[in-house]
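Residue-level listing of the chains:
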Amino acid sequence: MLSDEEHRRLRRKAAVRTNLTAFAFLAPALAFLLLFLAWPVASLFIQSFHAGGVMSPAKFVGLENWRRTFLDPLVVKSIRNTLLYSLMAIPTVFAIAMALALSLNSIKVGQNIFRTIIYFPTLQPILIAALMFTFVLHQDFGILNIIMRAIVGEPVNFLGNASLALPTIAMVEVWKGVGFWTLLFLAGLQGLPRDLYHAAELDGAGPLRRFFQMTLPLLKPTFFFSFVFATIVNLQIFDSVFILTDGGPAHSTVTTTWYIYRSLFTFNEPGFGATLSFVLVVLVLLLTAIQTYMFRERR
């Protein structure tokens, strides 16, 4: 018969064997994580304390890049434009997507056809979408300006007007993303228990009351994911800005990712670009934490 000490030793050996087996299965994923995430992030952080390094040797400058980041007015403007764009794009695309999802959910015949039509813009590469809207919005021969001439008598310079350029880019992104969010909300709606709606109808609850008192609360997990995911994606807006306006006019559409790109590949300032990247990461984490707190408090 084994003693207590031998039992403990056998249990320790079994625990060690179990842990080693677990780490053996996790090793490929951990190696991938270290190689493609941890190491690049660490290298980027080290780069933020240097100047040069692309066309010239890297030179240690201490906190100069960080000091410049908080004093550069264009950094403040890029963050402001990024947040303003997100505030325009996210609520707009969610409102349109929810309206379309509710409409699709009530259609019994041909729903798949309408799904395909609505989702089609999402399949377009952003390069194609941006080039298409370049012609749609052109001041002289754009389709939208042909309509504007018929309505107001003169064209509108959507991309050349500092007050209209950023909302126009938000409109392009809404057009491209509305299909994805429509199908996501539709999946959430179709997963709701129908018995509750039948009971509410029997109790005399109208469509608006059912929507605000049943649909929205039941879709809270879907909204939580949507807001967090949309925030992360929209704070990284770059492609449409780069193609449609390249940050203009008068820096009215400069975004954080655009400034990071220009710092790295145009201004030969990888250290400053690395610092801006960390500022963007902190901004994303901060807004994500705020959204998580707000949804948790309202459960």
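So, a few notes on the structure that sits alongside this text. All of these numbers come straight from a predicted model, not from anything done at the bench. (Residues numbered from 1 in each chain as written. Predicted model: local features only at pLDDT ≥ 70, side-chain atom pairs only at ≥ 80, totals over all residues. Heavy atoms only, no water.)

Another point: the pattern of salt bridges. Scanning all chains against the criterion turns up three salt bridges. Between Glu64 and Arg67 there is a salt bridge, and its shortest N-O distance comes to 2.7 Å. Residue Glu64 and its partner Arg67 are both found in helix H2 (residues 64–71); the two are separated by three residues, about one turn of the helix. When its relative accessible area of 35% is taken as the criterion, Glu64 is described as partly exposed. Between Arg262 and Asp246 there is a salt bridge whose closest N-O contact spans 2.6 Å. Here the residue Arg262 occupies a position in helix H12 (residues 256–265), and Asp246 occupies one in the loop between helix H11 (239–244) and H12, the gap between them amounting to 16 residues. Of the residues examined, Arg262 reaches a relative accessible area of 14% and is grouped as buried. Residue Asp246 is classed as partly exposed on the basis of its relative accessible area of 33%. (Salt bridge = Lys/Arg side-chain N within 4 Å of Asp/Glu carboxyl O. Helix = DSSP H or I, 4+ residues; strand = E, 2+ residues; numbered from the N terminus. Buried < 20%, exposed > 50% of the residue type's maximum accessible area, 1.4 Å probe, protein only.)

Within the largest apolar cluster, 52 residues are counted, with the highest numbers of intra-cluster contacts made by Tyr85, Phe94, Trp181, Phe185 and Tyr259. No other element matches the 11 residues that helix H3 (residues 73–105) contributes to this core. Setting aside anything within four residues of it in sequence, one finds Tyr259 in contact with Arg68, Asp72, Leu74, Val75, Ser78, Phe267, Phe272 and Leu276. (Core = buried A, V, L, I, M, F, W, Y, C linked by side-chain atoms within 4.5 Å. Contact = heavy atoms within 4.5 Å.)

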